[in-house]
Amino acid sequence: MPVLPGAEPYRHEGGEAGVLLCHGFTGSPQSLRPWAEYLAERGLTVSLPLLPGHGTRWEDMQLTGWQDWYAEVDRELRALRERCSRVFVCGLSMGGALALRLAAKHGDAVSGIVVVNPANKVHGLSAYALPLARHVVRTTKGIASDIAKEGSVEIGYDKVPLHAAHSLRKFFRLVDGELPQVTQPLLLLHSVQDHVVPPADSARVLSRVSSTDVQEIVLEQSYHVATLDHDADRIFEESFAFVERLAPEAGKETDAVRMDQTGQAGQVGQQEGTATGG
């Protein structure tokens, strides 16, 4: 199936510091695209993949599970490690859970973690019905576009496939058990009002990780998809400051950019930061 316009993955070849961004459940790279571009403009190498089953139609997602989503970001992390001296992983919602598992499993290969409204649990009585309900009912209402900012819209499915939701519930349990293995510096940003993931999930993450370098920032003006909301600029600025503190080489100009400024390689500079097809 063709990818929805705006939901394409994004990659940018920058300097020695790399960042992997992971989008959320039923969402797409569009929710993190401004964040990715902000980091790319500051000289970082950036990868923002499209997770399997996302960005097309919900029926495609019904055929995927957490193993498929995690495998995609795991491959991207390994590719960045071959290219960069330091790699940071970031994520929104379920993407935060993916980022935390990458940190738990890859250890020193991950230099730091930035998560925004990280999801840790499927809440409510309906979660306990998922094992049976998914065989009777195919979908429930969507969770996309929980945004306070007027006119800001997230590209995501208007339905949640229950087979995928059941897999997500299993994944959250797995990640929760692995949180003590997370030792890297952590920047966690969460919204006061979130209609998808409650603040309790962020509190759970903070209480279980073993990281000693931890920064928590409360987002006062945004809902769940804070990367497209009123606090987006703060997320971008704080995350870059976090990367720059831990990787002094971050933000340094690449050879291609320097050559472009002298007029010797204009084409190289223009080609960087383009969206790539699925």
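Cut-offs used in this document
- Residue indices follow the written sequence of each chain, beginning from 1 at its first position.
- It should be noted that, the model being predicted, local features are given only for residues of pLDDT at least 70 and side-chain atom pairs only at 80 or more, the latter also being counted only at that level, while totals for whole chains, interfaces and linings use all residues.
- Side-chain measures were taken over the full set of non-hydrogen atoms in the model, leaving aside hydrogen atoms and water.
- Here a helix means four or more residues in a row that DSSP labels H or I, a strand means two or more in a row labelled E, and each is numbered from the N terminus.
- Under the scheme applied here, a residue whose accessible area is under 20% of the maximum for its type counts as buried, over 50% as exposed, and between as partly exposed, the area being computed with a 1.4 Å probe on protein chains only.
- Any pair of residues with heavy atoms lying within 4.5 Å of one another is described as a contacting pair.
- Computed by Shrake-Rupley with a 1.4 Å probe, the accessible areas treat only the displayed protein chains as cover when residues are assessed.
- Only the six-membered ring of Trp is used, alongside the rings of Phe and Tyr, when aromatic pairs are assigned; centres must lie within 6.5 Å, and planes under 30 degrees apart are stacked while those over 60 apart are edge-to-face, with the rest tilted.
- For the purposes of these results, a polar contact is taken to be a pair of N or O atoms within 3.5 Å, where, inside protein, one atom must be able to donate a hydrogen and its partner to accept one; residues adjacent in sequence count only when each atom of the pair is a side-chain atom.

- In the nomenclature of an unreviewed UniProt entry, the chain is known as Alpha/beta fold hydrolase of Streptomyces vastus.

1. Structural notes on the overall build of the chain
At step 1: Broken down by element type, the chain carries ten helices and nine strands.
At step 2: The buried share of the chain, reckoned over its 278 residues, is 54%.
At step 3: Within the chain, contacts between residues at least 6 apart in sequence are counted, and of these 77% link residues at least 24 apart.
At step 4: Surface exposure of the chain reaches about 12100 Å², of which carbon and sulfur atoms provide 50%.

2. Quick word on the packing of aromatic side chains
Any aromatic ring pair is given by two values, namely how distant the centres are and how the planes are angled relative to each other.
At step 1: Following the criterion strictly, the structure yields five aromatic pairs and no others.
At step 2: Ring geometry for Phe-171 and Phe-172: centres 6.5 Å apart, planes at 40°, overall tilted.

3. What to know about the side chain of Ser-211
At step 1: Tracing the backbone through its elements, the reader meets Ser-211 in the loop between helix 7 (199-208) and strand 9 (214-219).
At step 2: Within the structure, Ser-211 has its side chain in polar contact with the backbone oxygen of Gln-184 (distance 2.5 Å).

4. Considering unusual backbone geometry
At step 1: Located in the positive-phi region is Thr-26, a residue other than glycine, with phi close to 70°.
At step 2: Structurally, Thr-26 can be placed in the loop between strand 2 (17-22) and helix 1 (33-41).
At step 3: Classification of Thr-26 by relative accessible area gives buried; the value is 1%.
At step 4: If you check the backbone angles, Asn-117 has positive phi at about 45° while not being a glycine.
At step 5: As for its position among the elements, Asn-117 is in the loop between strand 5 (112-116) and helix 5 (126-133).

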